[in-house]
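Here's the letter readout for the chains.
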Amino acid sequence: MREALIVWGGWSGHEPQECAHIIRDMLEEDGFKVYLENSTEAFADPSIHDLSLIVPIVTMSKIEKEEVKNLADAIESGVGIAGYHGGAGDSFRESVEYQFIIGGQWVAHPGNIIDYKVNITRPDDPIMEGITDFPYTSEQYYMHVDPSNEVLATTTFTGDHAYWIDGVVMPVAWKRKYGKGRVFYSSLGHQAKEFAVPQMKAIFRRGANWAAR
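Only a predicted model underlies this, so the values are computations on that prediction, with no experimental measurement involved. Here the residue index of a chain counts from 1 through its sequence in written order. Only residues with pLDDT of at least 70 get local features here, since the model is predicted, and only at 80 or more are side-chain atom pairs given and counted; chain-wide, interface and lining totals rely on the full set of residues. Remark: hydrogens and water are excluded; side-chain values derive from all non-hydrogen atoms of the structure.

**Some thoughts on helix H2 (residues 65-76)**
And step 1. In this model H2 runs 16 Å from its N-terminal to its C-terminal C-alpha over 12 residues, within 8% of the 16 Å that 1.5 Å per residue would give.
And step 2. Here the term buried applies to any residue with accessible area under 20% of the maximum for its type, exposed to any over 50%, and partly exposed to those in between, with areas from a 1.4 Å probe on protein chains only. For the purposes of this entry, the term helix denotes a DSSP run of H or I that reaches at least four residues, the term strand denotes a run of E that reaches at least two, and both are numbered from the N terminus. Of the residues making up H2, those classed as buried are Glu 67, Val 68, Asn 70, Leu 71, Ala 72, Ala 74 and Ile 75.
And step 3. Contact criterion: two residues are considered in contact whenever any of their non-hydrogen atoms come within 4.5 Å of each other. Tucked inside the fold, the buried residues of H2 contact strand S3 (53-59), strand S4 (80-84), helix H4 (96-102), strand S10 (169-178) and strand S11 (181-186). A helix's residues, less one, multiplied by 1.5 Å, set its expected span.

And the structure:
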């Protein structure tokens, strides 16, 4: 049986505990045995090297050197990691090693909660199968991203809230490798209620299953 670890914590505005329970149920439905922890100390446990998947849901906060080193070593050796929104894309701002794993870092969401469109750039990829461009209401993440990411979906900024980024096309979802490990990220999912959006939930669910070994 595949085993997954969900680590939740950090800024409460992203409802990490609620989202952790949603993802736990999702993964259990997909046949995983799931462990929940609410401390980054879990990343330092040698047993994470035996997992199939790690899901971090920790906005901001801090991570100790020994924690991120063990996490990076586990992923490099083949453990998958799947994350979303600030729970993975705005975690541990001081840790460039962690950002190297994820492949991006949040820097802004101009206008805060707004209406925008998600454009599917890889409809041929199994993660995006059957999903077409769709409207979305949430924070539109502006991120600094790794050019080695394989981008699956994007969004385009209008400039209404920051005129100098008018027309900028920004990755929304991507997959990448970190050593032997598979990494999946989606910037969608500001709060738990967004998992009720079918496209958002399907993209994360498929991405997590893809990342798991």
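**Notes on the UniProt feature "domain: ThuA-like" (unreviewed entry) in the chain**
And step 1. As annotated in UniProt, the feature "domain: ThuA-like" (unreviewed entry) corresponds to residues 4-211 in the numbering used here.
And step 2. Taken end to end, residues 4-211 is 25% helix and 34% strand, and its two terminal C-alpha atoms sit 11 Å from one another. UniProt positions are given in the numbering used here, feature names are shortened, and annotations may be inferred rather than shown by experiment.

**Overview of the environment of Gly 78**
And step 1. Locating Gly 78 in the fold gives a position in the loop between H2 and S4.
And step 2. Gly 78 has contacts with Lys 180, Gly 181 and Arg 213, leaving out every residue within four places of it along the chain.

**Here's the deal with the side chain of Ser 138**
And step 1. Relative to the elements of secondary structure, Ser 138 occurs in strand S7 (residues 134-139).
And step 2. Using a relative accessible area of 1% as the deciding quantity, one classes Ser 138 as buried.
And step 3. Pairs of N or O atoms are called polar contacts if they sit within 3.5 Å, as long as, within protein, a hydrogen donor faces a hydrogen acceptor (for residues adjacent in sequence, only side-chain-to-side-chain pairs). Engagement of the side chain of Ser 138 in a polar contact is seen with the side chain of Glu 194, the distance being 2.7 Å.
And step 4. For Ser 138, the residues in contact, after removing those within four places along its chain, are Asn 112, Ile 113, Ile 114, Tyr 116, His 190 and Glu 194.

**Quick look at the sheet that holds S10**
And step 1. Taken together, 9 strands build an open sheet; the order of strands is S2-S1-S3-S4-S11-S10-S9-S6-S7 and the sheet is mixed. Only two strands of the sheet have a single partner each, and these edge strands are strand S2 (33-37) and S7. Between one strand axis and the next, the sheet turns by 25° as a mean value, whatever way the strands run.
And step 2. Here, a strand pair is defined by DSSP locating no fewer than two bridges between the strands. As defined by bridge partners, strand S6 (residues 113-120) adjoins strand S9 (residues 150-156) across 2 bridges and the pair is classed as antiparallel. Each bridged residue has a counterpart across the sheet, and for Ile 120 the counterpart in S9 is Ala 153.
And step 3. The axes used here are C-alpha line fits, helices contributing only the stretch in contact, and every angle between their N-to-C directions lies in the interval 0 to 180 degrees. Against the sheet, helix H5 (residues 198-211) engages S3, S4, S7, S10 and S11, with an angle of about 170° to S11.

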